[in-house]
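A closer look at the structure
Residue-level listing of the chains:
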Amino acid sequence: MTNEQLTQEVMKLAEHQAKCDAERENVYMIIEELREDVKSTKSLAEDVHIMAINMKTMQETLTKTTKKVDAISSQEFLDYKENKKAFKKNIISVIAGSIGTGIVGLLVWFVSNFM
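The residue count restarts for each chain, going from 1 along the sequence in the order it is written. Residue-level local features of this predicted model are given only where pLDDT is at least 70; pairs of side-chain atoms are given and counted only at 80 or more, and the full residue set underlies all totals for whole chains, interfaces and linings. Based on all heavy atoms of the structure, the side-chain values leave hydrogens and waters out of the count.

What follows covers a nonpolar patch on the surface. Together, Phe87, Ile91, Ile95, Ile99, Ile103 and Leu107 give the surface a local cluster of nonpolar side chains, amounting to about 590 Å² of exposed area. Here Ile91 is to be found in helix α1 (residues 3-114). Between buried and exposed lies partly exposed: a residue is buried under 20% and exposed over 50% of the maximum accessible area for its type, with that area taken using a 1.4 Å probe on protein chains only. In this structure Ile91 comes out as partly exposed when scored by relative accessible area, which is 38%. Patches in this entry comprise residues that are over 30% relatively accessible and not in a salt bridge; like charges within 9 Å are linked, as are nonpolar side chains (Val, Leu, Ile, Met, Phe, Trp, Tyr) within 5 Å. Each accessible area value is a Shrake-Rupley result obtained with a 1.4 Å probe; residue values ignore everything except the protein chains displayed when judging cover. Within this document, salt bridges are pairs made up of a side-chain nitrogen of Lys or Arg and a carboxyl oxygen of Asp or Glu, the two lying within 4 Å of each other. Segments assigned H or I by DSSP are reported as helices when at least four residues long, segments assigned E as strands when at least two residues long, and all are numbered from the N terminus.

Here it is, written out as structure tokens:
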């Protein structure tokens, strides 16, 4: 081979090496981006796991609270119903007593005036 041919081959090899170096740098950049993406994905997965645990705890707390509220509401409603019945009985007793007293008073008046 002549010097000119060797020079051309060296030039070709230099161009090829420059292309390979550029591709290698590009591959390194892609690998670094992938590493960052993997780190972000791991961090996101940990956050989602923590959030799932917190949601489970919140659901359990909500279930307990709902049971307590239902028990309290149920007891208050039963107390309300009992108080309502007692109030109705008292009102009916007052009305019946008033009517009875009125009738007795009317009889006393009638007896004292006409007999």
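Our focus in this paragraph is the pattern of salt bridges. Taken as a whole and judged by the stated rule, the model has two salt bridges. For Arg24, the salt bridge is made with Asp21, and the minimal N-O distance between the two is 3.3 Å. Of this pair, Arg24 and Asp21 both sit in helix α1, separated by three residues, roughly a single helical turn. Overall, the relative accessible area of 41% leaves Arg24 in the partly exposed class. A salt bridge links Glu32 to Arg35; the shortest N-O distance between them is 3.7 Å. Of this pair, Glu32 and Arg35 both sit in helix α1, three residues apart, roughly one helical turn. Given the relative accessible area of 52%, Arg35 is considered exposed.

The values are spatial; any link to function lies outside them.
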